[in-house]
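Architecture at a glance
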Amino acid sequence: NVLITAGVLTINGTKQTWNFLNNNDTKSISNNTDVKSVSSSFLDSLEIITSRLVNATFEIMTGFIQLNKTTFTDTFNAEFNSSVTIQIPESNGDNKTITMIVFNSLDNVLLARDEANSSFKSINGRVVLVQSSGQINNISFTYDILNDTLENPECVFWNFSLFDGLGGWDGKGCELVLNINETETVTCNCNHLTSFSILMSPNSPKKPYLDIITYIGVGISMGSLVICLIIEGLIWRKIRKNETSYLRHVAIVNIAVSLLIANIWFIIGAAISDAEVKNPPACTAATFFIHFFYLALFFWMLASAMLLLYRTTNVFGGGLSKASMLAIGFFLGYGAPLIIATVTIAATAPDNGYIRENTICWLNWDKSKALLAFVIPALLIVVINLIILVVVLYKIIRRRVGTTAAQAEEKHVLVVIAKSLAVLTPFFGITWGLGAGILADPTNEGIHIAFAFFNSLQVQIHF
């Protein structure tokens, strides 16, 4: 009866309620309230009951839980519920009892929270509770995985003491032995007994060559940016004579500076993400600056396009002064990104939805869709720039050649800006279009390779 009742509490229809209880427990801990996790207490109660069963051999089958208690002397090997195989290779020749409970749906109860406090992963095998009357230092579990779209298996046990008593999955004393894709099984070895399972994460190809492409490209990009800024410094006095040329070069310098700083923060964020000891505050700071400076890059491109449109349509001169256009450019280039980045972190950080799970230093997608605060403005600017480019090219083609040297020089500058936008806008559109493709199909390795390549070469194209 206890097992039937416990099983009913784990069915799929209870998942939403358990999520509510677990979230309340997490908030109580965050508010320094002394509370014990309800889901962890539920598992603990079943472990206590299991340790007090009568000393006999028996099996109880219910709709959601299978309990088996038996004795063995030398080795033990048994399959449970056609989903978990438990093997003990040796027991020193002593006669031992072993008690096992296999839960069909305890993943509805327990959070997939590991030592890094990540909820990005999923419990992807049956939860198995194992206890014995004697010491067992080597036990093997072979799990049938529940969802074959997940990868990167981790062998874990439920540690009741993690997170100030909330409990979480811990990998100490357990190791991955085999991960066979053909049979969709994962084998783990552990050197102790308690409640075990496997955690797996959504497909996101972690391939060394993707890192190589990215880091080499970013390194070349940063070198190109430094050269670009040096050249701009050398020619700065000469370009101040023509107002349009001057404003164009202001945009170029700020695009280069924004991308250079964004790349520096990208490297810092990658180092924080790959570190063994996670630092969420540092990761949050890195994500904020990466978001801000990448947005600044796009908004300065928009400022350059707006300058082109204004200068092309303002045939008779006059209008805004150079100081006014600089003020508009800097507000658009840095003010708009600052507003978007600040609103994003303020709206998502309180609910731990700003950075990606497992302290990956980039905007979250699965929980809060914070990444849209970058993708939408970036792609929208690409579309606006393309529209402006079509309008400007139409105007330039229809306009007659100026009769004065100043008008001819002005037209030359406008053509140069139009050519730059004609190259940059589609290139950035392709790059971040591929980024959106990764969100739509995260398992497509070709999209990942193309995105890494185009993303790393953004600066070279601009330079």
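Residues numbered from 1 in each chain as written. Predicted model: local features only at pLDDT ≥ 70, side-chain atom pairs only at ≥ 80, totals over all residues. Heavy atoms only, no water.

1. Re the packing of helix 6 (residues 243-274) against helix 8 (residues 322-348)
What counts is decided by this rule: Lines are fitted to the C-alpha atoms to define the axes, a helix being fitted only along its stretch in contact, and any angle between axes, read from their N-to-C directions, falls within 0 to 180 degrees. Numbering of helices and strands runs from the N terminus, with a helix taken as a DSSP run of H or I at least four residues long and a strand as a DSSP run of E at least two residues long. The cut-offs work like this: below 35 degrees is roughly parallel, past 145 is roughly antiparallel, 65 to 115 is roughly perpendicular, and the gaps in between are oblique. Note: crossing handedness is left-handed where the near helix turns anticlockwise from the far helix by less than a right angle, and right-handed where it turns clockwise. Contacts are assigned to residue pairs with any non-hydrogen atoms lying within 4.5 Å of each other. In this classification, the charged set is Asp, Glu, Lys and Arg, the nonpolar set is Ala, Val, Leu, Ile, Met, Phe, Trp, Tyr, Cys and Pro, and all remaining amino acids, among them Gly, are polar.
Between helix 6 and helix 8, the shortest axis-to-axis distance is 11 Å and the interhelical angle comes to 20°. On the basis of the axis angle, helix 6 is roughly parallel to helix 8. As helix 6 runs across helix 8, the sense of the crossing is right-handed. Between helix 6 and helix 8, the residues in contact are Glu243, Tyr246, Leu247, Val250, Asn254 and Ser258 and Lys322, Met325, Leu326, Phe330 and Tyr334, respectively. Broken down by class, the residue content of the contact of helix 6 with helix 8 amounts to 7 nonpolar, 2 polar and 2 charged.

2. Here's the deal with the nonpolar core
How we decide: In this text, buried Ala, Val, Leu, Ile, Met, Phe, Trp, Tyr and Cys residues form a nonpolar core when linked through side-chain atoms within 4.5 Å. Throughout this description, buried means an accessible area under 20% of the type-specific maximum (1.4 Å probe, protein chains only), exposed means over 50%, and partly exposed covers the range between.
Grouped together as the largest cluster of nonpolar side chains are 48 residues, with contacts concentrated most on Tyr294, Phe298, Leu363 and Phe374. Contributing elements (two or more residues each) for this core: helix 5 (208-235), helix 6, helix 7 (280-313), helix 8, strand 15 (360-363) and helix 9 (372-398). Here this core gets 16 residues from one element, more than from any other, and that element is helix 7. Among all residues touching leucine 363, those that are not within four sequence positions of it are Thr287, His291, Thr344, Tyr354, Arg356, Ala370, Leu371 and Phe374. Met100, Phe141, Leu150 and Cys174 belong to the second-largest nonpolar core, a separate cluster that totals 27 residues.

3. Focus: helix 7
Basically, it comes down to this: Helix span is expected to be 1.5 Å times the residue number reduced by one.
Taking 1.5 Å as the rise per residue, helix 7 with 34 residues should run 50 Å; its terminal C-alpha atoms sit 49 Å apart, in good agreement. Along helix 7, 24 of the 34 residues are buried, which leaves the element largely enclosed by surrounding structure.

4. Here's the deal with the state of the cysteines
Rules: Any two cysteine sulfur atoms within 2.5 Å of one another count as a disulfide.
Per the counting criterion, the structure on display carries 3 disulfides. The partner cysteine of cysteine 283 in its disulfide is cysteine 361, sulfur to sulfur 2.2 Å. Handedness of the cysteine 283-cysteine 361 disulfide follows from its S-S torsion of about -140°: it is left-handed. With cysteine 283 in helix 7 and cysteine 361 in strand 15, this residue pair connects regions lying 78 residues apart in the sequence. Accessibility assignment for this pair places cysteine 283 and cysteine 361 in one class, buried. In the protein, the cysteines engaged in disulfides, taken in order along the sequence, are linked 1-3, 2-4, 5-6.

5. Comments concerning the pattern of salt bridges
As a reminder of what qualifies: Salt bridge, as used here: a side-chain nitrogen of Lys or Arg that lies within 4 Å of a carboxyl oxygen of Asp or Glu.
Tallied over the entire structure, the rule returns 1 salt bridge. Of the charged contacts, one joins aspartate 170 and lysine 172 as a salt bridge, the two residues approaching to 3.8 Å between their closest N and O atoms.

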